[in-house]
Number of protein chains: 2
Amino acid sequence: MEKDEIRRHDSFQSFDEICSIAEEKQVDFLLLGGDLFHENKPSRSTLVKAIEILRRHCLNDQPVQFQVVSDQTVNFQNAFGHVNYEDPHFNVGLPVFSIHGNHDDPAGVDNLSAVDILSACNLVNYFGKMVLGGSGGSTAVALYGLGNIRDERLNRMFQTPHAVQWMRPEPQEGCEVSDWFNILVLHQNRVKMNAKNAINERFLPRFLDFIVWGHEHECLIDPQEVPGMGFHITQPGSSVATSLIDGESKPKHGNQYRPNKIPLTSVRPFEYTEVVLKDEPDIDPNDQNSILEHLDK
Amino acid sequence: MEKDEIRRHDSFQSFDEICSIAEEKQVDFLLLGGDLFHENKPSRSTLVKAIEILRRHCLNDQPVQFQVVSDQTVNFQNAFGHVNYEDPHFNVGLPVFSIHGNHDDPAGVDNLSAVDILSACNLVNYFGKMVLGGSGGSTAVALYGLGNIRDERLNRMFQTPHAVQWMRPEPQEGCEVSDWFNILVLHQNRVKMNAKNAINERFLPRFLDFIVWGHEHECLIDPQEVPGMGFHITQPGSSVATSLIDGESKPKHGNQYRPNKIPLTSVRPFEYTEVVLKDEPDIDPNDQNSILEHLDK
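Just so it is clear, the structure is predicted and the values come from calculations on it, not from any experiment. (Residues numbered from 1 in each chain as written. Chains lettered and ligands numbered in written order. Predicted model: local features only at pLDDT ≥ 70, side-chain atom pairs only at ≥ 80, totals over all residues. Heavy atoms only, no water.)

## So, the nonpolar core
Generally speaking, soluble globular proteins have nonpolar side chains that are buried together.
Stage number 1. Core analysis: the biggest nonpolar cluster contains 90 residues, and A:Leu31, A:Ile51, A:Phe97, B:Leu31, B:Ile51 and B:Phe97 have the highest contact counts within it.
Stage number 2. Each residue touching B:Leu31, except ones within four places of it in the same chain, is listed here: B:Phe97, B:Phe127, B:Leu143, B:Ile183, B:Val185 and B:Val212.
Stage number 3. Counting 18 residues, the second-largest nonpolar core is a separate cluster that includes B:Trp180, B:Leu186, B:Leu208 and B:Trp213. (Core = buried A, V, L, I, M, F, W, Y, C linked by side-chain atoms within 4.5 Å. Buried < 20%, exposed > 50% of the residue type's maximum accessible area, 1.4 Å probe, protein only. Contact = heavy atoms within 4.5 Å.)

Here it is, written out as structure tokens:
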């Protein structure tokens, strides 16, 4: 909403608050679930502000405890082929890992995402096509990222034998494969009614421990156990309300797996009241402009 | 020409060659005369490639000998307010200073140029509204940058008393004002016939020593003395041919003030043949596509 006089700063303030908290808490890394950008071609102004926020919080002298043990040239497919904090010419103290969402998905002749610009600047580690293995101190973490693809396509793939392969980490000294903590970040619709247009969590493999579910806007930050699957799912929700639905009116939180909810104070609150629109079949419930226009009428 | 199958890499190869030479020669700084980008809103692909080239050549362990002695917060109006090689979180070994041209001039609600993105990434020092004073070892250099504005407007300003003020450096210890070496980089049409649509070099102040004239595409790299004015002008020309005019067919060079011409080997050569077009009044001689279309006919 960068053209809205009142709300144009909201998403930047939230993102800045999130990065500030991450920096202050000295987290191991910040994991973004896609849609950092709402527009596939963000404006110059938005791009510059995002770069400024990342530069301000991610570059510092804090030592990074997290070591990538998988093949970085495979994990990070930019021109440099390594995790950003190992570049000798940058002082990265807060690593950010991100997949793309459906809004900032790769496009154009070189199939680049807006996130690729942040990756070229060495401010974000853009992944999401390959498994990324890392270890932080005594904990071995396998970080799986799946950038957004069409739900129908992913569903079809999950139902086709051998179409989806989950790679497991190579054995490390003193660490069995079963000792790894397996995190998946994905950016898809989460199944509700129509199974074709959403992903059923039961398609995901049982060896996963923790799933960060992007795309869904409602903040359901408390990890929910999926019965019989052995993993928990957290759904952080969008950092700011981008559509006028009930789920968006819930408080926005940061999270730690041993739940440590950090309310974001910069988020503009709103209350949700159901509005029944008569004879307006072409309203898009996710497009607030179309709703507001009709409310005006 | 990023959509041209054959020539899409040309400008990147030239820019890469220029940066490689600058890095290899360990120059004090690289001064760009505007129009790094041909499109006001460069594509993602172009932006990523430009970032990659700058990152590859400008970040290294080379010590920077050039010290900015003027007010950096005034010179560099990004969110950080300092010259890029003084940022403690980046290893900048090759400083780049740039003004904007008419193609990549500031626009939009925040009046940002595509060069602002490179400035936010800390890869380029974008200036051009204020005098920038610097000193390199025993030489004091005043670097004046004037980003492109409409020729008519600048002409009017030059002819209005007190509308243009040239600030001189504060006295430095052991360096009289008259000892400073004064460089101006600007990006305007250079006067030929119609004085209104071009800038007459005689409007420029006599205290200047060396002028880097951007915008003009022909490479006239040998510094030409302007009789009676006491300064020399170099016109590097565009690094690649962007229009099919005679001037563009001349060899492209890099330069040092004590002339040290370095031919760019990556530039695609072409010969210029005058073409007389009959009854085609709406051809734009700077638009090669329109010319090529008519040649096909």
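## Notes on the confidence of the model for chain A
Stage number 1. With 81% of its residues at a pLDDT of 70 or more, chain A has an overall mean of 84.
Stage number 2. The ipTM value of the predicted complex is 0.78, and its pTM value is 0.81. (pLDDT = per-residue confidence, 0-100.)

## Some remarks on the pairing of strand β7 (residues 181-187) of chain A
Residue and element names in this part refer to chain A.
Stage number 1. β7 sits mainly inside the fold: six of its seven residues count as buried.
Stage number 2. Alignment of strand β6 (residues 139-146) against β7, held across six bridges, turns out to be parallel. Paired with Ala142 across the bridge in β7 is Asn182.
Stage number 3. Sheet topology places β7 next to strand β8 (residues 210-214); five bridges connect them, and they run parallel. Bridge pairing in β8 links Ile183 to Phe210. (Helix = DSSP H or I, 4+ residues; strand = E, 2+ residues; numbered from the N terminus. Pairing = 2+ DSSP bridges.)

## So, the packing of aromatic side chains
All names here are of chain A.
Stage number 1. Applying the stated criterion to the full structure yields 19 aromatic pairs over all chains.
Stage number 2. For the ring pair Trp166 and Phe207, a centre distance of 6.4 Å and an interplane angle of 80 degrees mean the geometry is edge-to-face. With Trp166 in the loop between α5 (151-158) and β7 and Phe207 in the loop between β7 and β8, the pair connects residues that are 41 residues apart, well separated along the chain.
Stage number 3. Through a chain of ring-to-ring contacts, three or more aromatic side chains come together here, namely Phe29, Phe66, Phe76, Phe97 and Phe127.
Stage number 4. Across from the ring centre of Trp213, 5.4 Å away, lies the NZ or CZ of Arg190, which sits over that ring. (Phe/Tyr/Trp six-rings, centres within 6.5 Å; stacked < 30°, edge-to-face > 60°. Lys NZ or Arg CZ within 6 Å of the ring centre and 35° of its normal.)

## Details of the relation of the copies chain B and chain A
Stage number 1. The two copies are related by a screw motion: chain B maps onto chain A through a turn of 180 degrees and a shift of 0.0 Å along the axis, at an RMSD of 0.0 Å. Both copies are brought into coincidence by an operation consistent with a two-fold rotation axis. The position closest to the rotation axis in chain B is occupied by the C-alpha of B:Phe90, lying 2.4 Å away.
Stage number 2. Most of the interface of chain B is mirrored in chain A, where 100% of its interface residues are also at the interface. (Least-squares fit on C-alpha atoms with pLDDT ≥ 70 in both.)

## Focus: unusual backbone geometry
With the exception of glycine, most residues fall at negative phi, and the peptide bonds are largely trans.
Residues and elements named next belong to chain B.
Stage number 1. Although it is not a glycine, His162 sits at a positive phi angle of roughly 70 degrees.
Stage number 2. Locating His162 in the fold gives a position in the loop between α5 (151-158) and β7 (181-187).
Stage number 3. Here His162 falls in the exposed class, since its relative accessible area comes to 70%.
Stage number 4. For His215, which is not glycine, the phi dihedral falls at a positive 75 degrees.
Stage number 5. Tracing the backbone through its elements, the reader meets His215 in the loop between β8 (210-214) and β9 (220-225).

## Some thoughts on the interface of chain B and chain A
Stage number 1. Every contact between the two is made by 36 residues of chain B and, on the other side, 36 residues of chain A.
Stage number 2. When the buried area of chain B at its contact with chain A is split by residue, B:Arg44, B:Arg55 and B:His89 rank highest and sum to 30% of it.
Stage number 3. The interface formed by chain B and chain A holds six salt bridges in total.
Stage number 4. At the junction of chain B with chain A, the criterion picks out 16 residue pairs in polar contact (both at pLDDT 80 or more).
Stage number 5. Secondary structure elements with two or more residues in the side of chain B that touches chain A: α2 (44-58) and α4 (114-120) of chain B.
Stage number 6. Among the elements that make up the side of chain B that touches chain A, the one with the highest residue count is α2(B) (nine residues).
Stage number 7. By residue class, the composition of the side of chain B that touches chain A is 15 nonpolar, nine polar and 12 charged. (Buried area = accessible area lost by both parts, 1.4 Å probe. Salt bridge = Lys/Arg side-chain N within 4 Å of Asp/Glu carboxyl O. Polar contact = N/O pair within 3.5 Å; in protein donor to acceptor, adjacent residues only side chain to side chain. Nonpolar A, V, L, I, M, F, W, Y, C, P; charged D, E, K, R; others polar.)

## Remarks on the sheet that holds strand β1 (residues 30-32) of chain B
All names here are of chain B.
Stage number 1. As summarised here, the arrangement of the three strands in space is β1-β3-β4, forming an open sheet in which the pairing is parallel. Because the sheet does not close on itself, it has two edges, and the strands there are β1 and β4 (125-126).
Stage number 2. For strand β3 (residues 96-98) and β4, the ladder comprises two bridges, and the chain directions are parallel. Across the sheet, residue Ser98 finds its bridge partner in β4, namely Tyr126.

## Concerning the pairing of strand β10 (residues 232-235) of chain B
Residue and element names in this part refer to chain B.
Stage number 1. Sheet topology places β8 next to β10; three bridges connect them, and they run parallel. Among the inter-strand pairings, Phe210 is bridged to a residue of β10, identified as His232.
Stage number 2. Across three bridges, β9 lies against β10 in antiparallel orientation. When the sheet's bridge partners are listed, Leu220 is paired in β10 with Gln235.

## Digging into the environment of A:Gln77
Residue and element names in this part refer to chain A.
Stage number 1. Along the chain, Gln77 turns up in the loop between α3 (72-75) and β3 (96-98).
Stage number 2. With 18 residues separating them in the primary sequence, Gln77 and Leu59 have C-alpha atoms 21 Å apart.
Stage number 3. Within the structure, the side chain of Gln77 is placed 3.5 Å from the backbone oxygen of Val74, a separation counted as a polar contact.

## A closer look at the sheet that holds strand β4 (residues 125-126) of chain A
Residue and element names in this part refer to chain A.
Stage number 1. Read from one edge of the open sheet, three strands run β1-β3-β4, paired in parallel fashion. Each edge of the open sheet is held by one strand with a lone partner, namely β1 (30-32) and β4.
Stage number 2. Relative to β3, β1 is paired through three bridges, and the arrangement is parallel. Its bridge partner lying in β3, Leu32 is registered against Ser98.

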